[in-house]
Amino acid sequence: MAERKLLVLFGSQTGTAEDTAERIGREAKRRHFQCRVEVLDSYEVANLINELLVVFVCATTGQGDPPDNMKMFWRFLFRKNLPPSSLCQLDYAVLGLGDSSYPKFNFVAKKLHKRVLQLGGNPLLPVALGDDQHDLGPDAVVDPWLLALWDKILALYPLPPGLEIISPDVRLPPKYTLHYLAEDSQNPNGGLLQPTAPRAVPSELHPFPARMVSNQRVTAESHFQDVRLIEFDVTASGITFNAGDVVMIQPQNCPEDVQQFCQLLRLDPDKCFVLKPTEPDTSLPALLPQPCTIRYLVTHYLDISCVPRRSFFELLSYFSTNELEREKLQEFSSAQGQEELYSYCNRPRRTTLEALWDFPHTTCAIPPDYLLDLIPRIRPRAFSIASSMLAHPDRIQILMAVVRYKTRLSKPRRGLCSTWLASLNPEQGDVRVPLWVKKGGMKFPADPDTPVIMIGPGTGVAPFRAVIQERVAQGRRGNCLFFGCRQKSKDFYCQAEWEELVTKGFLTLFTAFSRDQEEKVYVQHRIRENRRLVWELLSSGSAHVYLAG
């Protein structure tokens, strides 16, 4: 009888594809498959020729780009020298997650499906095109597709004699178990991330603990929005970047939320543990030190402020000792309950911590072993770099709006990363922020004579500040900026800097202050008013146009 092994490979940017891949992994275990769920870029791609059964789950980002964690796999798969029969023994299926409001909807999944077919793979099903725009989200496509997939797979690999599919009423074991250490073992990772000797260029797995140099509010105190210009020192980090690049910042939860979470789940934050995988070939989470305290786990790893997904309620329902709570949790995790879940969770942007408050009997019964299955890890946040290394060597600056808005919930919603960064005060001691840099999508012209037209309303001006600083340092003129905000006196970021460059002849600046007069004026009005200049730059100067929101 053929070995019943399934490999699930995923490429995920925001965590949805990872969540779906884990779901397929759980469904495989219920059908008694040996199943590994791996991120595409950590999988040894040359082994693909030996695999018999693979499900790919991949998101599409930006303008039809693969997620960051499958870029190496993508490059390998499209090598010209791969023989057309490389994957002839592979049965496969591709599940795509995308957003149909973008022109290249699910481009990565479609292209992957086609490429594996070209290399001799045998598709079990047509590619699934999950759509964020659907009322029920991607699940509207994913649910029926998975039912069809299991029919196909079980026809090829029937259940071993005497075994049944494990009932959905039975709770699967956790991915890891927590083994608490004795009280007297020294407390690790109590302090913040300590700077270590740089081994390689900083990355997600090895961020650089950059010192925050300054954290300055650049909007008037009377303005409704708090926007910061924040500077980090990256001396000796090995970090280099160009205008248009992006800095990734790994945020953390605030102490009040951590304390509440530990109280709700009756956890001792100072307890120390080591993680043991339940199955031998499961790797440990890369970003968790071993041993680790509960406080570190909840502060730096568990995303207790994200809006919980359907899988959260599904797992939670297994721990519930209270019938009313269990029924509600089961409804939220059923296909029929998705509209209800959307209006409970997604519309008001309810956090995981707030959802746990609403199910108190269940929450205090959560076994700590399941924390890493229940709550996803905190994702890094991306910011356009707002400075140039030519103007500010060994420094990175960002222009950041502090995210705060109201929904029908009484407490205002707050962005995890921006709220945390805004709360840090470098004047009160050594403040460190874990960060690394990645290539941005904007490429600026190499030819010094090519003019650049930049349209950057609000904090969208950040990458243009970097490129203007860079071009001015190289003595290039031809810089034209359209900037828009509400009021000249309240949110005209970097006003003095722009005005100085205008005086020196390095910058042509057009401003639109939408609320400073009766009728609203936006950047598009200024572009229309200056259409002759814009056309002149485009037609005879072959200017490049950039737009950032």
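It should be emphasised that the depicted structure is a prediction, and the values quoted were computed from it without experimental measurement.

## What about the overall build of the protein chain?
A count of helices and strands for the protein chain gives 17 helices and 21 strands. Its C-alpha atoms give the protein chain principal-axis dimensions of about 85 × 60 × 50 Å. Within the protein chain, the fraction of its 549 residues that count as buried is 49%. Intrachain contacts of the protein chain at a sequence separation of at least 6 include 77% that bridge at least 24 residues. A distance of 4 Å separates the average location of the 63 positive side-chain charges in the protein chain from that of its 62 negative side-chain charges.

## Points about the packing of helix 8 (residues 323-332) against helix 9 (residues 338-346)
Two elements in contact, helix 8 and helix 9, have axes whose closest approach is 8 Å; the angle formed by their N-to-C orientations is 105 degrees. What the angle tells us is that helix 8 and helix 9 run roughly perpendicular. For the pair helix 8 and helix 9, the contacting residues are K328, E331 and F332 in the first and Q338, E340, L341 and Y344 in the second.

## What to know about helix 8
Within the span of helix 8, buried status applies to E325, L329 and F332. Each buried residue of helix 8 sits inside an arc of 60 degrees when the element is viewed along its axis, so together they form one side. Opposite the packed face of helix 8, turned more than 90 degrees from it, sit the exposed residues E323 and L324.

## Some remarks on the domain arrangement of the protein chain
By the assigned domains, the protein chain splits into domain 1 (5-156), domain 2 (208-251 + 380-438), domain 3 (255-374) and domain 4 (452-547). For domain 3 versus domain 4, the separation of C-alpha centres amounts to 46 Å.

## What about the UniProt feature "domain: FAD-binding FR-type" (unreviewed entry) in the protein chain?
Under the local residue numbering, the UniProt record ascribes the feature "domain: FAD-binding FR-type" (unreviewed entry) to residues 205-445. End-to-end, the C-alpha atoms of residues 205-445 are 32 Å apart, and along that stretch the chain is 29% helix and 21% strand.

## Topic: the packing of aromatic side chains
Enumeration according to the criterion identifies 14 aromatic pairs in this entry. Between the aromatic rings of F33 and W150, the centroid separation amounts to 6.2 Å while the plane-to-plane angle is 40 degrees, which identifies the pairing as tilted. Here F33 is found in the loop between helix 1 (16-30) and strand 2 (34-39), whereas its partner W150 is found in helix 4 (residues 139-156), with 117 residues between them in sequence. As far as the burial class goes, F33 and W150 line up, both buried. Each residue in the set F312, F313, F332 and Y344 is aromatic and connected to the rest through ring pairs, giving one cluster.

## Notes on the sheet that holds strand 11 (residues 272-277)
Sheet architecture is open: 3 strands sit in the order 7-11-12, paired in antiparallel fashion. A single partner strand is all that each edge strand has here, and the edge strands are strand 7 (176-180) and strand 12 (292-293).

## A closer look at the pattern of salt bridges
Counting across every chain of the model gives 27 salt bridges. Between D270 and R295 there is a salt bridge, with its nearest N and O atoms 2.6 Å apart. Placement of the pair is D270 in the loop between helix 5 (255-264) and strand 11 and R295 in helix 6 (residues 294-301), with a sequence separation of 25 residues. Using a relative accessible area of 49% as the deciding quantity, one classes D270 as partly exposed. On the basis of relative accessibility, which here comes to 38%, the residue R295 falls in the partly exposed class.

## Some details on the side chain of R476
Structurally, the position occupied by R476 is in the loop between helix 14 (462-473) and strand 19 (479-485). Buried charged residue R476 carries no salt bridge. Nearest counter-charge: D447, at 6.9 Å. Within the structure, R476 has its side chain in polar contact with the side chain of Q474 (distance 3.3 Å). When residues no more than four places from it in sequence are discounted, the contact partners of R476 are P445, A446, D447, P448, R471 and F506.

## A look at the packing of helix 5 against helix 6
At their nearest, the axes of helix 5 and helix 6 sit 10 Å apart, and the two run at 125 degrees to each other. As far as their axial angle goes, helix 6 and helix 5 are oblique. Along this stretch, helix 5 crosses helix 6, giving a crossing that reads as right-handed. For the pair formed by helix 5 and helix 6, the contact residues are V258, F261 and C262 on the first element and I294, R295, V298 and T299 on the second. When its residues are assigned to classes, the contact of helix 5 with helix 6 shows 5 nonpolar, 1 polar and 1 charged.

## Comments concerning the nonpolar core
Among the nonpolar cores identified, the biggest contains 40 residues, and F261, L297, L302 and F313 are the most heavily contacted of them. Beyond its immediate stretch of four places on either side in the chain, L302 contacts N253, F261, L297, L371, I375, P376 and I378. Of all hydrophobic cores here, the second largest spans 29 residues; its members include V227, F464, A466 and W498.

## Some remarks on the sheet that holds strand 10 (residues 246-249)
A sheet is described by the order of its strands in space; here 6 strands give the open sequence 13-10-17-8-9-14, paired in antiparallel fashion. For this open sheet the edge positions go to strand 13 (381-384) and strand 14 (395-401), each flanked by a neighbour on one side alone. Pairs of neighbouring strands in the sheet enclose a mean axial angle of 40 degrees, with direction left out of account. Strand direction decides the pairing type here: strand 10 and strand 13, joined by 4 bridges, are antiparallel. By the bridge assignment for strand 13, I249 is matched with R381. On top of the sheet, helix 13 (residues 416-423) reaches strand 8 (208-217), strand 9 (227-233), strand 10, strand 13, strand 14 and strand 17 (432-438); it is set at about 115 degrees to strand 14, its chief contact.

## Focus on unusual backbone geometry
For the bond from Q290 to P291, the omega torsion is -10 degrees, close enough to zero to count as cis. Looking at the element boundaries, P291 is found in the loop between strand 11 and strand 12. Positioned with a positive phi, H32 is a non-glycine residue whose angle comes to about 60 degrees. Turning to its location among the elements, H32 is positioned in the loop between helix 1 and strand 2. One non-glycine residue, N106, lies in the positive phi region at around 55 degrees. Turning to its location among the elements, N106 is positioned in the loop between strand 4 (91-98) and helix 3 (107-118).

Thresholds applied
- Residues numbered from 1 in each chain as written.
- Predicted model: local features only at pLDDT ≥ 70, side-chain atom pairs only at ≥ 80, totals over all residues.
- Heavy atoms only, no water.
- Helix = DSSP H or I, 4+ residues; strand = E, 2+ residues; numbered from the N terminus.
- Buried < 20%, exposed > 50% of the residue type's maximum accessible area, 1.4 Å probe, protein only.
- Contact = heavy atoms within 4.5 Å.
- Lys, Arg positive; Asp, Glu negative; His and termini not counted.
- Charge placed at Lys NZ, Arg CZ, Asp CG, Glu CD.
- Axes fitted to C-alpha atoms, helices over the stretch in contact; angles between N-to-C directions.
- Parallel < 35°, antiparallel > 145°, perpendicular 65-115°, else oblique.
- Arc of directions from axis to C-beta.
- Domains from an automatic or database assignment.
- UniProt positions renumbered as here; feature names shortened; annotations may be inferred.
- Phe/Tyr/Trp six-rings, centres within 6.5 Å; stacked < 30°, edge-to-face > 60°.
- Pairing = 2+ DSSP bridges.
- Salt bridge = Lys/Arg side-chain N within 4 Å of Asp/Glu carboxyl O.
- Polar contact = N/O pair within 3.5 Å; in protein donor to acceptor, adjacent residues only side chain to side chain.
- Left-handed = near helix turned anticlockwise from the far one by under 90°.
- Nonpolar A, V, L, I, M, F, W, Y, C, P; charged D, E, K, R; others polar.
- Core = buried A, V, L, I, M, F, W, Y, C linked by side-chain atoms within 4.5 Å.

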